[in-house]
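Letter by letter, the chains look like this.
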Amino acid sequence: SARGMDEVYRARDTKLNREVAIKVLPAEVAQDSERLARFEREAQLLASLNHPNIAAIYGLDDEDDVLFLVLELVHGEDLAERMKRGPVPVEEAQELARQIAMALEEAHDKGVVHRDLKPANVKLTTDGKIKVLDFGLVKAFSTEASGGAPLDSGNSPTMTHAATMAGMILGTAAYMSPEQARGKGVDKRADIWAFGVVLHEMLTGAQLFHGETVSDTLAAVLTRELDP
């Protein structure tokens, strides 16, 4: 299925006889040696995350000049699908939030910021556990094609050059921190903000920030006075 910045496929690892997820790198990353080297460094950092609430990166491989990540395939529905049925009961929401927080703490301790935490990136496994998907992949994929400077240096961390040209924001506006919405560099506080927004949505069944367009939603993030 298309996921905006990349393609994701369900596959079988024939060597280890297990199902995996395959995430294909954009050609503009795979064909640019400097960007590819930066991506590989970022992928090594992401692969160091080892936690029961974080979906694992198994490897980075290529086939016929197509470069792809091999990821843990997590069965179950995501939190966005769960919340379509309404608010999550408080005790259940507390337990889910606890596991998300533990995943964030593990990543932040390793210097990894998720940058795109949202209900669609939180899987509820069939045995009732949380698995947070796509840790740090926005940063890994999003490197300016021109000049090769990482996007942290002032450009929006949630846009790639190609995606910007298409007018598409990677990362969901409703869960962006104000600094992300302004296109500034981000740190772990952006994840803490997104965590609060997701928790609010779990408890109320309603999005905290929304608008008719992406621009309206970003404007709500930047200007709306919250009433806890």
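Anything mentioned here points back to the structure above.
Residues numbered from 1 in each chain as written. Predicted model: local features only at pLDDT ≥ 70, side-chain atom pairs only at ≥ 80, totals over all residues. Heavy atoms only, no water.

Student: Go over the side chain of glutamate 72 with me, naming the residues and quoting the values.
Tutor: Take glutamate 72: it is sitting in strand β4 (residues 66-72). Judged by relative accessible area, which is 18%, glutamate 72 ranks as buried. Side-chain polar atoms of glutamate 72 contact the side chain of lysine 131, separated by 3.1 Å. When neighbours within four sequence positions are excluded, glutamate 72 is seen to be in contact with Ala21, Ile54, Ala55, Ala56, Tyr58 and Lys131. (Helix = DSSP H or I, 4+ residues; strand = E, 2+ residues; numbered from the N terminus. Buried < 20%, exposed > 50% of the residue type's maximum accessible area, 1.4 Å probe, protein only. Polar contact = N/O pair within 3.5 Å; in protein donor to acceptor, adjacent residues only side chain to side chain. Contact = heavy atoms within 4.5 Å.)

Student: So, the pattern of salt bridges: which residues are in play, and what are the values?
Tutor: In this structure the tally under the stated criterion is eleven salt bridges. Of the charged contacts, one joins aspartate 13 and arginine 18 as a salt bridge, the two residues approaching to 3.8 Å between their closest N and O atoms. (Salt bridge = Lys/Arg side-chain N within 4 Å of Asp/Glu carboxyl O.)

Student: Which residues make up the sheet that holds strand β3 (residues 57-63), and what are the values?
Tutor: The antiparallel open sheet is built from four strands, whose spatial order is β1-β2-β4-β3. The open sheet has two edge strands, β1 (7-13) and β3, and neither has a second partner. Strand after strand, the sheet turns through a mean of 30 degrees between neighbouring axes, direction not considered. Note: β1 against strand β2 (residues 18-24), seven bridges, orientation antiparallel. Residue pairing in the sheet places arginine 12 in a bridge with glutamate 19 of β2. (Pairing = 2+ DSSP bridges. Axes fitted to C-alpha atoms, helices over the stretch in contact; angles between N-to-C directions.)

Student: Outline helix α2 (residues 33-47), listing residues and values.
Tutor: Three or four residues apart is the spacing at which side chains of an α-helix point the same way, because the helix has 3.6 residues per turn. For α2, with 15 residues, the first-to-last C-alpha span of 21 Å sits near the 21 Å given by 1.5 Å per residue. Taken residue by residue, α2 has Arg35, Leu36, Arg38, Phe39, Glu42, Ala43 and Leu46 as its buried positions. Seen along its axis, α2 keeps its buried residues to an arc of 160 degrees; they face one direction. Along α2, the residues that are exposed and aim more than 90 degrees away from the buried face are Ser33, Arg41 and Gln44. (Expected span 1.5 Å × (residues − 1). Arc of directions from axis to C-beta.)

Student: Hey, could you go over the nonpolar core for me, with residue numbers and the actual values?
Tutor: Counting residues in hydrophobic clusters, the biggest one holds 48 residues, and the most contacted among them are Leu69, Leu79, Leu117, Phe135 and Met202. No other element matches the seven residues that helix α4 (residues 90-109) contributes to this core. Apart from the residues within four sequence positions on either side, methionine 202 is in contact with Leu79, Met83, Pro87, Val88, Ala93, Leu96 and Ala97. Within the second largest apolar cluster, five residues are counted, among which are Ile22, Val24, Phe68 and Val70. (Core = buried A, V, L, I, M, F, W, Y, C linked by side-chain atoms within 4.5 Å.)

Student: Can you tell me about the pairing of β4, naming the residues and giving the values?
Tutor: Summarising burial for β4: six of the seven residues are buried, a large majority. What sits between the antiparallel neighbours β3 and β4 is a turn of two residues, in which aspartate 64 has the positive phi angle 50 degrees.

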